[in-house]
Amino acid sequence: MIKVEDLHKTFAENYVLRGVNLEIRDGETITIIGGSGCGKTVLLKHIVGLLKPDKGKIYINSTEITSLTEHELGEYQKKFGYLFQGSALFDSLTAGENVAFGLHNMNFNEKLIKKKVSDCLGHVGLSGVEDIKPAELSGGMKKRVALARAIAYDPEYICYDEPTTGLDPIMADAINELIIHLQKTLKVTSIVVTHDLSSAYKISNRIAMLYDGKIITLGSPEEIKKTSNEYVKQFITGSINGPIKLKLKEF
Amino acid sequence: MIKYISNKFYNFLDGLSKGVTLLYQTLLYMFKPPIDVKNIIDQLFEIGARSFPVTALTSFSVGMVLALQSGSSAISVLNEPLYVGTIVAFSIVKELGPVLAAVVVTGRVGAAITAEIGTMKVTEQIDALRTLGTNPIKYLAVPRFISLVIMLPLLTAVSNVISILGGFIVGVYKLDIPSTIYWADTLDFMDIEDLFHGLIKSVCFAMIIALVSCHKGFECHGGAEGVGRATTSSVVTVLVLILVSDYFLSAILVAMGIG
């Protein structure tokens with residue numbers, strides 16, 4: 001289980017997280033929704049140990065990770081797969097080498113690595129792109145290679161930062177199915193950050209909404225759809241009118 | 001004004017402490033297995049072999065101009081080109097060779113290191129390395145540090161030979177110094193310590209280039225503009241540090257009796 005306790009984070013003058021509390025159960029898929037720039041990715045990066053909080057604690061199965069040394073944190077991070085918003089593929093490596101990167105650290109033999117790479121690329125609909133460099137791939141293809149890289153070494157937890165952004169609707173649904181499949185077959189715990197509500201409803205066991213640096217609601221997709229919280233209502237209906245105000249110039 | 005100076009001073013101390021930390025971590029991970037031999041060989045080739053043509057060209061040119069200037073000055077003062085080989089050899093081996101090779105490598109390699117690591121930083125590739133169980137310092141800084149510390153002294157040694165050869169050509173064919181006299185001037189006063197003097201300095205310059213270039217890359221933020229800023233800052237900082245440290249290194253080495 002992952003437990004986030006009273007997490008605070010400030011970047012210069014920007015107070016991003018103002019006391020986030022969240023429990024993520026083993027084997028569930030939880031989706032964090034919220035407006036652009038509200039701190040969803042920042043929260044995700046804290047959970048993986050890529051950022052240190054100003055205040056607060058994060059427990060993974062009773063281990064408090066914010067106080068771990070660099071080496072201990074490195075070992076702990078091997079339990080995680082992470083799909084980055086901008087894919088973050090290594091430019092100097094081919095798609096196949098990108099997917100194989102984490103496997104080399106897990107001491108798999110070359111034959112198994114080759115098979116794993118081929119299988120993972122196949123799962124995301126990209127069989128045969130092993131030798132292509134990221135610069136020659138489209139945005140959607142990069143995202144799928146990054147997803148293949150994140151799932152290649154069978155992590156216990158997978159963090160998805162905008163997994164379906166930039167994909168066509170059919171491929172987006174295929175990725176949703178893949179996330180569901182991973183949860184059902186491998187019992188992977190998934191933490192998803194997305195704006196894509198249809199995806200969130202489909203893949204999530206629970207949905208949390210982050211607003212003003214705090215989790216303001218947490219519930220099943222059905223509970224979220226029926227919520228009486230005005231902020232959540234406005235967000236899921238996508239209306240400009242409501243308690244969430246955008247700083248826009250009049251047009 | 002006082003606030004501006006204190007900010008600059010704080011930034012200098014902050015950068016210095018981060019540089020020392022990076023040096024400590026680089027040395028720590030350098031000896032921690034597994035050693036990424038393939039990555040180190042790639043960097044040796046990139047830093048050494050690919051820097052050779054431009055280093056050779058500039059060294060040859062500097063050797064020639066040094067011989068021409070010292071020869072023509074000697075002719076105007078003493079009516080004959082005395083000790084041109086000695087002046088060229090000492091200037092090159094102890095001073096210009098290490099500095100020139102370091103400046104060329106800073107422009108060609110240091111800037112590329114900062115731009116590459118900086119781009120990786122702003123596109124989250126450094127974060128991706130961490131999530132894949134790879135320490136970015138071990139994967140990125142260590143191979144570059146090792147390669148620079150090996151290749152810059154080698155480039156300096158080759159640069160010394162080429163510069164002296166350039167000086168020899170001008171001395172013999174332009175200033176009409178007999179070749180035997182030119183070689184005697186070059187070698188008679190030169191000790192092995194003089195050679196070490198330059199090579200030790202080039203090792204220090206290599207460490208400065210590696211640490212500053214990697215540090216500026218790792219600290220980079222703010223997209224493409226940030227990468228550009230970091231690269232400029234990296235090159236300027238390295239050049240200033242090389243030229244300033246050159247005096248102190250020379251003073252220390254001379255005091256120790258090395259050259």
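Criteria and thresholds
- Residues numbered from 1 in each chain as written.
- Chains lettered and ligands numbered in written order.
- Predicted model: local features only at pLDDT ≥ 70, side-chain atom pairs only at ≥ 80, totals over all residues.
- Heavy atoms only, no water.
- Helix = DSSP H or I, 4+ residues; strand = E, 2+ residues; numbered from the N terminus.
- Rg over C-alpha atoms; globule rule 2.2 N^0.38 Å.
- Buried < 20%, exposed > 50% of the residue type's maximum accessible area, 1.4 Å probe, protein only.
- Contact = heavy atoms within 4.5 Å.
- Core = buried A, V, L, I, M, F, W, Y, C linked by side-chain atoms within 4.5 Å.
- Pairing = 2+ DSSP bridges.
- Right-handed = clockwise from strand over helix to strand, strands pointing away.
- Salt bridge = Lys/Arg side-chain N within 4 Å of Asp/Glu carboxyl O.
- Domains from an automatic or database assignment.
- Buried area = accessible area lost by both parts, 1.4 Å probe.
- Polar contact = N/O pair within 3.5 Å; in protein donor to acceptor, adjacent residues only side chain to side chain.
- Nonpolar A, V, L, I, M, F, W, Y, C, P; charged D, E, K, R; others polar.
- Axes fitted to C-alpha atoms, helices over the stretch in contact; angles between N-to-C directions.

1. Description of the overall build of chain A
Counting its secondary structure elements, chain A contains 9 helices and 10 strands. What you see for chain A is a C-alpha radius of gyration of 18 Å, in line with the 18 Å of a compact globule of 251 residues. In terms of its C-alpha atoms, chain A occupies a principal-axis envelope of roughly 55 × 45 × 35 Å. Burial statistics for chain A: of 251 residues in total, 52% are counted as buried. Across chain A, the fraction of contacts at a sequence separation of at least 24, relative to all contacts at a separation of at least 6, is 64%.

2. With respect to the nonpolar core
Residues Ile2, Leu43, Phe80 and Ile191 of chain A together with Phe218 of chain B are the most contacted members of the largest nonpolar core, which totals 111 residues. The dominant element in this core, judged by the number of residues it contributes, is helix H6 (residues 136–173) of chain B, at 11 residues. Those residues within four positions of Leu43 of chain A in sequence are excluded, and the remaining contacts are Val4, Leu7, Leu17, Val20, Leu22 and Ile32 of chain A.

3. Points about the pairing of strand E7 (residues 157–161) of chain A
Residue and element names in this part refer to chain A. Among the 5 residues that make up E7, 5 are buried, leaving the element largely enclosed by the rest of the structure. Here E7 shows no split at all, with Tyr157, Cys159 and Asp161 on one side and Ile158 and Tyr160 on the other all buried. When strand E6 (residues 80–83) meets E7, the two strands line up parallel, connected through 4 bridges. Each bridged residue has a counterpart across the sheet, and for Leu83 the counterpart in E7 is Tyr160. Between the parallel elements E7 and strand E8 (residues 189–193), the chain passes through helix H6 (residues 169–186) in a crossover that is right-handed.

4. Brief notes about the pattern of salt bridges
Residue and element names in this part refer to chain A. Taken as a whole, this structure holds 25 salt bridges over all chains when the rule is applied. Here Lys55 and Asp6 are joined by a salt bridge, their closest N and O atoms 3.5 Å apart. With Lys55 in strand E4 (residues 55–60) and Asp6 in strand E1 (residues 2–11), the pair connects residues that are 49 residues apart, well separated along the chain. Among the ionic pairs, Arg206 bridges to Glu28, the shortest N-O distance being 2.7 Å. Residue Arg206 is located in strand E9 (residues 206–211), and its partner Glu28 is located in the loop between strand E2 (14–24) and strand E3 (29–33); the two are separated by 178 residues in the primary sequence.

5. A word on unusual backbone geometry
With an omega dihedral of 0 degrees, the bond running from Pro33 of chain B to Pro34 of chain B counts as a cis peptide bond. Within the fold, Pro34 of chain B resides in the loop between helix H1 (2–30) and helix H2 (37–47). Backbone geometry places Asp6 of chain A, a non-glycine residue, at a positive phi of 50 degrees. Its identity is not glycine, yet Asn79 of chain B carries a phi of approximately 70 degrees, on the positive side. Tracing the chain through its elements places Asn79 of chain B in the loop between helix H3 (52–78) and helix H4 (84–122).

6. Thoughts on the domain arrangement of chain A
All names here are of chain A. In terms of domains, chain A is made up of domain 1 (2–79 + 156–250) and domain 2 (88–154). One C-alpha centre belongs to domain 1, the other to domain 2, and the line joining them spans 25 Å. Across the contact, 15 residues belong to domain 1 and 11 residues belong to domain 2. In this assembly, domain 1 packs against domain 2 so that about 1000 Å² is buried in total across both faces, 74% of it on carbon and sulfur atoms. Of all residues in domain 1, the largest losses of buried area upon contact with domain 2 belong to Lys78, Met171 and Leu178, amounting jointly to 39% of the total for that side. The tally of links between domain 1 and domain 2 comes to 0 salt bridges. Put simply, domain 1 and domain 2 have 1 residue pair in polar contact (both at pLDDT 80 or more) between them. Of all the elements in the fold, those that place two or more residues in the side of domain 1 that touches domain 2 are E7 and H6. A total of 5 residues in the side of domain 1 that touches domain 2 trace back to one element, the largest contributor, which is H6. When grouped by side-chain class, the residues that make up the side of domain 1 that touches domain 2 number 9 nonpolar, 2 polar and 4 charged.

7. As for the sheet that holds E9 of chain A
Residues and elements named next belong to chain A. In space, the 6 strands of this open sheet follow the order E6-E7-E8-E3-E9-E10, with mixed pairing throughout. Each of the sheet's edge strands pairs with one partner strand only, and the pair in question is E6 and strand E10 (214–219). Geometrically, the sheet is characterised by an average inter-axis angle of 15 degrees between neighbouring strands, direction not taken into account. Across 4 bridges, the pairing between E3 and E9 is parallel. Directly across from Thr31, in E9, lies its bridge partner Ile207. Across the sheet, helix H9 (residues 230–237) is in contact with E3, E9 and E10; its angle to E9 comes to roughly 105 degrees.

8. Overview of the interface of chain A and chain B
If you look at the interface, chain A gives 23 residues, while chain B gives 16 residues. Between chain A and chain B lies a buried interface of about 1600 Å² when both sides are counted; carbon and sulfur atoms form 54% of it. Per-residue buried area on chain A facing chain B is highest for Glu70, Phe90 and Phe101 of chain A; these three make up 30% of the total on that side. If you look at where chain A meets chain B, you find 3 salt bridges. With a closest N to O distance of 3.1 Å, Asp127 of chain B and Lys45 of chain A form a salt bridge. Between chain A and chain B we count 8 residue pairs in polar contact (both at pLDDT 80 or more) in total. Counting residues per element, the ones that place at least two in the side of chain A that touches chain B are helix H1 (40–48), helix H2 (70–77), E6 and helix H3 (95–105) of chain A. Here the residues of the side of chain A that touches chain B sort into 11 nonpolar, 7 polar and 5 charged.

9. Quick notes on the sheet that holds strand E5 (residues 63–64) of chain A
Residues and elements named next belong to chain A. If you walk across this open sheet you meet the 4 strands as E2-E1-E4-E5, and the pairing is antiparallel. Only two strands of the sheet have a single partner each, and these edge strands are E2 and E5. Sheet analysis places E1 next to E2, joined by 8 bridges and oriented antiparallel. The residue of E2 that forms the bridge with Phe11 is Asn14. Here H1 sits on the sheet in contact with E1, E2 and E4, set at roughly 120 degrees to E1.

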